[in-house]
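# Coordinate analysis (summary)
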Amino acid sequence: MSLNKVMLIGNVGRDPEVRYLENSGNAKVATFTLATTERYRDRNGEMRENTEWHNIVAWRNSADVVEKFVKKGTQLYIEGRLRTRSWDDQTGNKRYTTEIMVDNLQLLGRKSDNPASQAGYGSQAQGGYQNQQSYGGSQAPSRPNYQQPVQPQAPDAAGDLPEDDLPF
């Protein structure tokens, strides 16, 4: 048995680059970097930071979401898998890169931090607005995911609601 699973929460380091592939039915791929920062105290009690940069690759519908809603600084949750590929550079040297292939992504952070919230997308969570829409690799948002709270209706003064007719 084997498992290749990556889960990251971080901030986008640069605006995503989106390309359309020829001869593949207009398949779309988005690439960008994601920074994750670990904070800890060293032996002397001083705060230290270690930032890792991850190369992220999103295909098709996930690339659509990235193209529409992700920009530099956007906070994301990403689930995916590692992929290492190699190529020969111009001088003939073998080069390697490791990337995270997106399976699922969620827009995180405050409403004002994400362009998705400015377009009217997102949902309201306790304690403020958070934009946490999840898009899997094979799913595309066909319309905004509005979540309207259910408002119970008070019976009128005569109280003529049937007993089995719920007011909400």
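Now for a look at the structure at hand. (Residues numbered from 1 in each chain as written. Predicted model: local features only at pLDDT ≥ 70, side-chain atom pairs only at ≥ 80, totals over all residues. Heavy atoms only, no water.)

### Concerning the overall build of the chain
What counts, and what does not: Numbering of helices and strands runs from the N terminus, with a helix taken as a DSSP run of H or I at least four residues long and a strand as a DSSP run of E at least two residues long. Residue exposure (1.4 Å probe, protein chains only): buried if accessible area is under 20% of the type maximum, exposed if over 50%, otherwise partly exposed. In what follows, residue pairs with any heavy atoms lying within 4.5 Å of each other are defined as contacts.
The secondary structure content of the chain amounts to two helices and nine strands. Taken from the N to the C terminus, the helices and strands of the chain come in the order β-β-β-β-α-β-β-α-β-β-β. The proportion of buried residues among the 168 residues of the chain is 31%. Contacts spanning at least 24 positions in sequence make up 55% of the contacts within the chain whose residues lie at least 6 apart.

### With respect to the nonpolar core
Condition: Throughout this description, the term nonpolar core refers to a set of buried Ala, Val, Leu, Ile, Met, Phe, Trp, Tyr and Cys residues connected via side-chain atoms within 4.5 Å.
Formed by 19 residues in total, the largest nonpolar core has its most connected members in Phe 32, Leu 34, Ile 56, Val 66, Leu 76 and Ile 78. Taken together, the elements giving at least two residues each to this core come down to β1 (6–12), β3 (28–41), β4 (47–59), α1 (60–69), β5 (75–88) and β6 (94–107). In contact with Val 66, not counting residues within four places along its chain, are Pro 16, Ala 30, Phe 32, Ala 58 and Leu 105.

### A closer look at the side chain of His 54
Mapping His 54 onto the fold places it in strand β4. Of the residues examined, His 54 reaches a relative accessible area of 16% and is grouped as buried. Discounting chain neighbours no more than four positions away, the residues touching His 54 are Leu 8, Phe 32, Thr 33, Leu 34, Thr 36 and Ile 100.

### A few points about the pairing of β1
Here is the rule we go by: Strand pairing requires that DSSP identify at least two bridges connecting the strands.
Relative to β5, β1 runs antiparallel, the two being bridged by six bridges. Looking across to β5, one finds that Met 7 is bridged to Glu 79. Sheet topology note: the β1/β3 ladder contains two bridges and is antiparallel. What sits directly across from Val 12, in β3, is Leu 34.

### Details of the pattern of salt bridges
Rules: By convention in these notes, a salt bridge is any Lys or Arg side-chain nitrogen within 4 Å of a carboxyl oxygen on Asp or Glu.
Across all of its chains, the model carries 10 salt bridges by this definition. With its nearest N and O atoms 4.0 Å apart, the salt bridge here joins Arg 48 to Glu 46. A single salt-bridge network, built from bridges that share partners, covers Lys 28, Asp 64 and Glu 67.

### With respect to α1
Think of an α-helix as turning once every 3.6 residues; residues three or four places apart then point the same way. What counts here: The directions considered for the arc run from the helix axis to the C-beta atoms.
For α1, the complete set of buried residues consists of Ser 62, Ala 63, Val 65, Val 66 and Phe 69. Viewed end-on, α1 has its buried residues packed into an arc of 160°, placing them on one side of the element.

### Here we look at unusual backbone geometry
Unusually for a residue other than glycine, Arg 60 sits at a positive phi of about 45°. Residue position: Arg 60 is located in helix α1.

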